[in-house]
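# Residue-level structural notes
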Amino acid sequence: MNDPASAPGGLALIEALVNTLSIDTGVDRLDTAEGREPFGITERDVPAARELREALRAACLAHAGHLLPGRSPTALDRLLAQAPLLVTLSEDGAATLRPAAPDTLVSRVAVAIATASADGTWPRLKACQADDCQWAYYDRSPAARRRWCSMSYCGARAKMRTYRANKSASG
């Protein structure tokens, strides 16, 4: 359902994590070893990964202007506070933020968010407006005003619903 071009840098990790759950079918790729492998998590880590995923989805929905009842993007703050991070300096004095050992999923997500916030790309990671989708996508549009993961699928369905509603109201 999403745009084939994934998000840049560390945002690709967040996009992939959010998109492990298909809202319309209920299929959760974190239920399988193959689905967990890209995130380096075990079956024991799944409840925490799901909580992180849904907090990230709420933040992505907020980026797109879709605040839903019971889904606060501030829930992510509590989870990110658990992320052990290090700032290291190179020989030339350049600072790098990186996950501390052990390399946890929440630490990798925190680094991705911090890096993307610094370069201005974090607000472009959004979630689809369609209630039965909410797929994460990276908004590459010049004005950063995309509303759907795919105009040809979710956007077309929304526009058709609006058209039909207007047609039945007027006729």
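The rules behind these values
- Residues numbered from 1 in each chain as written.
- Predicted model: local features only at pLDDT ≥ 70, side-chain atom pairs only at ≥ 80, totals over all residues.
- Heavy atoms only, no water.
- Helix = DSSP H or I, 4+ residues; strand = E, 2+ residues; numbered from the N terminus.
- Buried < 20%, exposed > 50% of the residue type's maximum accessible area, 1.4 Å probe, protein only.
- Contact = heavy atoms within 4.5 Å.
- 1 Å grid on protein atoms, 1.4 Å probe; cavity = no way out; pocket = protein on both sides within 12 Å on 5 of 7 lines; lining within 4 Å.
- Points joined across faces, edges and corners; volume = space filled by probe spheres on them.
- Nonpolar A, V, L, I, M, F, W, Y, C, P; charged D, E, K, R; others polar.
- Core = buried A, V, L, I, M, F, W, Y, C linked by side-chain atoms within 4.5 Å.
- Axes fitted to C-alpha atoms, helices over the stretch in contact; angles between N-to-C directions.
- Parallel < 35°, antiparallel > 145°, perpendicular 65-115°, else oblique.
- Left-handed = near helix turned anticlockwise from the far one by under 90°.

Right, let's get into the overall build of the protein. Broken down by element type, the protein carries six helices and four strands. Listing each helix as α and each strand as β along the protein from the N terminus yields α-α-α-α-β-β-α-β-β-α. Each of the 171 residues in the protein was classed as buried or not, and the buried ones make up 37%. Residue pairs in contact within the protein that sit at least 24 positions apart in sequence constitute 49% of those at least 6 positions apart.

Let's shift gears to the layout of surface pockets. The probe, sized like a water molecule, is rolled over the atoms to show the empty space still left. Roughly 270 Å³ of internal volume is contained in the largest pocket. Taken together, the elements giving at least two residues each to the lining of the largest pocket come down to α3 (46-63) and α5 (105-119). Per-class residue counts for the lining of the largest pocket are eight nonpolar, three polar and three charged.

Counting 32 residues, the largest nonpolar core has Ile14, Leu52, Leu56, Leu105 and Trp122 as the members making the most contacts within it. Of all the secondary structure elements, the ones that give two or more residues to this core are α1 (11-18), α3, α4 (75-80), α5, β3 (125-127) and β4 (136-138). Sort the elements by how many residues they give to this core and α3 lands first, with eight residues. Of all hydrophobic cores here, the second largest spans seven residues; its members include Cys133, Trp135, Cys149 and Cys154.

For Gln134, which is not glycine, the phi torsion reads 50 degrees and is therefore positive. Relative to the helices and strands, Gln134 is located in the loop between β3 and β4.

This next bit is on the packing of α3 against α5. One way to put it is that α3 packs onto α5 with a least axis distance of 10 Å and a crossing angle of 20 degrees. Classified by the angle their axes make, α3 and α5 are roughly parallel. Here α3 runs over α5; the crossing is right-handed. In this structure, α3 contributes Ala49, Leu52 and Leu56 to the contact, and α5 contributes Leu105, Val106, Val109 and Ile113. Tallied by class, the residues present in the contact of α3 with α5 amount to seven nonpolar, no polar and no charged.

That is the geometry; function is a separate question.
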